[in-house]
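These are the residues of each chain, in order.
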Amino acid sequence: MLEEWNETGRELPGGTLPVLFEQQVKRTPDAGAVAFEGVELSYREVNERANRLARVLVGQGAGPERFVAVALSRSAELVVALLAVLKTGAAYVPIDPDYPADRIAYIVADADPMAVITVGTAASSCRPEPPGSSWTTPPPSRPLTHRHPATLPTPSGLRL
């Protein structure tokens, strides 16, 4: 019975999440992709917004082997931001904006992201380094593969 119920093996599509998302956009561009608290975005809208943000991030140096911190509450914008980071080839560092300021500062200092995506009060805890620091050094251009990290998890039990 255990083997029969657990017989869930199947072929999985190849490719990275950004590639799979682009394929979905082509299949169903106007279908609902994200709905959160009255905000609804189609696959096309999510993709267009993520592409715009990804271009900005790449211009700031985001790419494979780099980290981008994302300090946003659950929202449609969070989905757009995460997809944008993945489209650049960078890995995202999730930060809960409700964390205490010293914890956010510790995570940012420890992960050393090249950029931080945030709004509101969390922004002061995620202040980037001054110009000329390592945050503004662009990475070498490399192709994105499934072997590049997508996220840098932070331990939820971390105590400062």
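Not measured: the values here are computed from a predicted model.

## Section: the sheet that holds strand 3 (residues 67-71)
Strand order across the open sheet formed by 3 strands is 4-3-5, with parallel pairing between neighbours. What marks the edges here is a single partner per strand, and that holds for strand 4 (91-94) and strand 5 (115-118). Taken over all neighbouring pairs, the strand axes of this sheet differ in orientation by 25° on average, direction set aside. Set on the sheet, helix 4 (residues 76-88) makes contact with strand 3, strand 4 and strand 5; between it and strand 3 the angle comes to about 180°.

## Here's the deal with the nonpolar core
Core analysis: the largest hydrophobic core is formed by 26 residues, its most contacted members being Val 46, Leu 57, Val 68, Val 70, Val 85 and Ile 117. Counting residues per element, the ones that place at least two in this core are helix 2 (17-27), helix 3 (43-59), strand 3, helix 4 and strand 5. Per element, the largest residue contribution to this core is 8 residues, and it comes from helix 4. For Val 68, the residues in contact, after removing those within four places along its chain, are Leu 57, Ala 62, Val 85, Ala 90, Ala 91, Tyr 92, Val 93, Pro 113, Met 114, Ala 115 and Ile 117. Val 93, Ile 95, Ile 104 and Ile 107 belong to the second largest nonpolar core, which has 8 residues in total.

## What about the pairing of strand 3?
The element strand 3 is largely enclosed, with a buried count of 4 among its 5 residues. Note that strand 3 and strand 4 share 4 bridges and pair parallel. Looking at strand 4, one finds that Val 70 is bridged to Pro 94. Regarding topology, helix 4 serves as the crossover connection from strand 3 to the parallel strand 4, and that connection is right-handed. Here strand 3 runs beside strand 5; their pairing, made up of 4 bridges, is parallel. Considered in strand 5, the bridge of Ala 71 is made with Thr 118.

## Some points on unusual backbone geometry
What is expected of a backbone is that most residues other than glycine have negative phi and most peptide bonds are trans. The backbone phi angle of Glu 37 is positive, close to 45°, even though this residue is not glycine. The exposed category is assigned to Glu 37, whose relative accessible area is 71%.

## Details of the packing of aromatic side chains
Inspection of every chain in the model, using the stated rule, returns 1 aromatic pair. A cation over an aromatic ring shows up here: Arg 103 above the ring of Tyr 99, its NZ or CZ 3.9 Å from the ring centre.

## Points about the pattern of salt bridges
Taken as a whole and assessed by the stated rule, the structure comprises 2 salt bridges. Here Glu 22 ties to Lys 87 by a salt bridge, and the two come within 2.4 Å at their closest N and O atoms. Of this pair, Glu 22 sits in helix 2 while Lys 87 is found in helix 4, placing the two residues 65 residues apart along the sequence. Here Asp 30 makes a salt bridge to Arg 44, at a shortest N to O gap of 2.6 Å. Of this pair, Asp 30 sits in the loop between helix 2 and strand 1 (32-36) while Arg 44 sits in helix 3, placing them 14 residues apart in sequence.

Criteria and cut-off values
Residues numbered from 1 in each chain as written. Predicted model: local features only at pLDDT ≥ 70, side-chain atom pairs only at ≥ 80, totals over all residues. Heavy atoms only, no water. Pairing = 2+ DSSP bridges. Helix = DSSP H or I, 4+ residues; strand = E, 2+ residues; numbered from the N terminus. Axes fitted to C-alpha atoms, helices over the stretch in contact; angles between N-to-C directions. Contact = heavy atoms within 4.5 Å. Core = buried A, V, L, I, M, F, W, Y, C linked by side-chain atoms within 4.5 Å. Buried < 20%, exposed > 50% of the residue type's maximum accessible area, 1.4 Å probe, protein only. Right-handed = clockwise from strand over helix to strand, strands pointing away. Phe/Tyr/Trp six-rings, centres within 6.5 Å; stacked < 30°, edge-to-face > 60°. Lys NZ or Arg CZ within 6 Å of the ring centre and 35° of its normal. Salt bridge = Lys/Arg side-chain N within 4 Å of Asp/Glu carboxyl O.

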